[in-house]
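Below are the chains, spelled out letter by letter.
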Amino acid sequence: MRSSSNKKQAYSESAFTLIEILVTVTIVAILAALALPALQRALQAGHTAESMSNLRQLAAANLAYAADHDGSFCPAQSPDNLLRWHGRRSSSGSPFDPTDGFLSPYLGRSRRVTTCPLFTDFVDTSASWELGAGGYGYNSAYIGGSYHSYFRPERVSNIPRATTTIMFTTSAFPSGGEVQEYAYTEPFRWIDPSGNLAGSLQPSTHFRANGKALVAWCDGRVTAEAPNSSGLDSHMIGWFGPEAENGYWNPRRSYSHRP
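Residues numbered from 1 in each chain as written. Predicted model: local features only at pLDDT ≥ 70, side-chain atom pairs only at ≥ 80, totals over all residues. Heavy atoms only, no water.

Trainee: Explain the sheet that holds strand β11 (residues 222-225) to me, using residue names and the numbers behind them.
Mentor: Spatially, β3-β4-β10-β11 is the arrangement adopted by the four strands of the open sheet, whose pairing is antiparallel. Every interior strand has two partners, whereas the edge strands, β3 (136-138) and β11, have only one. Averaged over neighbouring strand pairs, the angle between their axes works out to 25 degrees when direction is ignored. (Pairing = 2+ DSSP bridges. Helix = DSSP H or I, 4+ residues; strand = E, 2+ residues; numbered from the N terminus. Axes fitted to C-alpha atoms, helices over the stretch in contact; angles between N-to-C directions.)

Put into structure tokens, the structure is as follows:
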């Protein structure tokens, strides 16, 4: 039979010392700290890929809409502003039903725009009046409408530079210290009834994909675009591309290629 002193000796030989435990905990903490940035980058990359897939779906839905409507893209909104590309509301102060917009029949079983997974860390849903657009903005100035009528969309056949004309972008609009959903991606300047460029607009393109904006072009491609030299505001909202003639928003600008 083992004596009590032998039991104590066996216990002391098998147990960890306090220093060993502290060293182990420190090593684990260091490894976790080293792994966290890589995990965050992987998560960001996954969310970016998912958001780009959402934009491809929107572009495909809009092209399918055009195929069913004599070649005309989806309208940005109805004349009474109750029906928009992403949903319908019963009055100007009511929330949008995201399953009953112009594009809803082309968005699969859900009939709604899939929310950008990168947007959830930014948007303040309590202050948003645009819920239902998913964090994406439509080129309403030139594709979903025109200077002739904000409610009359452009035809596919009238887009001479589909590969460099914006259809949708990741979008947002400031709301206090946060941002809210915004259903449109605004060009640099608004257009008067004669078709001339007028005063400046506030940007709504959101560069939330690791400092880049995600863009669906009129040919259905999706790319990530860096901001131009004007930079970004504190909400990561700004512009990309050249400003002349409203840049890549305008399909009938005089230049055709991206620099």
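Once the structure has been displayed, the description carries forward.
Trainee: Could you give an account of unusual backbone geometry, naming the residues involved and the relevant values?
Mentor: Despite not being glycine, D70 has its phi angle at roughly 55 degrees, a positive value. Following the sequence through the fold, D70 ends up in the loop between α2 (18-68) and β1 (83-84). Exposure remark for D70: the relative accessible area of 60% places this residue in the exposed category. The phi torsion at M236 lies on the positive side, around 65 degrees, for a residue other than glycine. (Buried < 20%, exposed > 50% of the residue type's maximum accessible area, 1.4 Å probe, protein only.)

Trainee: Now, about the side chain of R253: what can you tell me, with residues and values included?
Mentor: Mapped onto the fold, R253 is located in the segment after β12 (237-238). E245 provides the closest opposite charge to the buried, unpaired R253, separated from it by 7.4 Å. Separated by 2.5 Å, the side chains of R253 and T164 make a polar contact. Aside from chain neighbours lying at most four places away, what touches R253 is R161, T164, T165, E245, G247 and Y248. (Lys, Arg positive; Asp, Glu negative; His and termini not counted. Salt bridge = Lys/Arg side-chain N within 4 Å of Asp/Glu carboxyl O. Polar contact = N/O pair within 3.5 Å; in protein donor to acceptor, adjacent residues only side chain to side chain. Contact = heavy atoms within 4.5 Å.)

Trainee: Report on the pattern of salt bridges, specifying residues and quantitative values.
Mentor: Two side chains that carry opposite charge are able to pair once their charged atoms sit near each other. Scanning all chains against the criterion turns up four salt bridges. For the salt bridge of R155 with D70, the shortest nitrogen-to-oxygen distance reads 3.4 Å. Of this pair, R155 sits in the loop between β3 and β4 (166-170) while D70 sits in the loop between α2 and β1, and the two are 85 residues apart along the sequence. With its nearest N and O atoms 2.7 Å apart, the salt bridge here joins R221 to D219. Overall, R221 belongs to the partly exposed group, its relative accessible area being 32%.

Trainee: Tell me about the pairing of strand β8 (residues 197-200), and name the residues and values.
Mentor: Relative to β8, strand β7 (residues 189-191) is paired through two bridges, and the arrangement is antiparallel. Looking across to β8, one finds that R189 is bridged to S200. Here β7 folds back onto β8, and the loop between the two strands holds five residues, one of which, G195, carries a positive phi near 90 degrees.

What is shown is where atoms sit, not what they do.
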